Amino acid sequence: MLLIDKIRSKIENLQFELSRHAANQSIIRNITMQEVCEAITNCEILEDYPEDKYGPSCLILGFTRSNRPLHIQCSYPSRFLIKIITLYEPNPTKWIDYKYRRKK
């Protein structure tokens, strides 16, 4: 099973938790857990961080039913619960088509 399929399965089965940062950001940015679940059903990995200092993680792009783009950084699915590290709506001034970082 591919990494993205394992992540998708864990989130669809509500086997995830939010870091304190992600919980705060979801409130500030008005991102609901329903939107997280919607975005993960049709998503792709944009960036992979296998050597992240807090453990392997990746950045995912997904879209809600209302077509709101979301970036979700989460841990690899090696634990029972995936940890969502941060989540946000990508800023078009920093991202091209929500997928590629703009050069500075």
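The model shown is predicted, which means the values in this text are computed figures rather than measured ones.

J.: Got a minute to help me understand the pattern of salt bridges in this structure?
T.: If you walk through the whole model with that rule in mind, you get 8 salt bridges. Taking the shortest distance from any N to any O, the salt bridge between Lys83 and Glu17 comes out at 3.8 Å. Here Glu17 lies in strand 1 (residues 16-18) and Lys83 lies in strand 5 (residues 82-88), a separation of 66 residues in the sequence. Taking the relative accessible area as the measure of exposure, Lys83 reaches 28% and is therefore partly exposed. Using a relative accessible area of 27% as the deciding quantity, one classes Glu17 as partly exposed. Members of the salt-bridge network, linked through shared partners, are Glu17, Arg79 and Lys83.

J.: Would you take a moment to explain the sheet that holds strand 5 for this structure?
T.: Across a sheet, paired strands are connected by hydrogen bonds in the backbone, their directions being either parallel or antiparallel. The strand order across the open sheet built from 5 strands is 1-5-4-3-2, with neighbouring strands paired in mixed fashion. Every interior strand has two partners, whereas the edge strands, strand 1 and strand 2 (43-49), have only one. For this sheet, the mean inter-axis angle between neighbouring strands, taken without regard to orientation, is 30°. The pairing of strand 2 with strand 3 (residues 57-63) spans 6 bridges and is antiparallel. Each residue of the ladder has a partner; that of Tyr49, found in strand 3, is Ser57. Packing against the sheet, helix 1 (residues 3-12) makes contact with strand 1, strand 2, strand 3, strand 4 (69-75) and strand 5, and its axis sits at approximately 115° to strand 2. Sheet contacts for helix 2 (residues 20-28): strand 1 and strand 5; angle to strand 5, the most-contacted strand, approximately 35°.

Rules used throughout
Residues numbered from 1 in each chain as written. Predicted model: local features only at pLDDT ≥ 70, side-chain atom pairs only at ≥ 80, totals over all residues. Heavy atoms only, no water. Salt bridge = Lys/Arg side-chain N within 4 Å of Asp/Glu carboxyl O. Helix = DSSP H or I, 4+ residues; strand = E, 2+ residues; numbered from the N terminus. Buried < 20%, exposed > 50% of the residue type's maximum accessible area, 1.4 Å probe, protein only. Pairing = 2+ DSSP bridges. Axes fitted to C-alpha atoms, helices over the stretch in contact; angles between N-to-C directions. Contact = heavy atoms within 4.5 Å.

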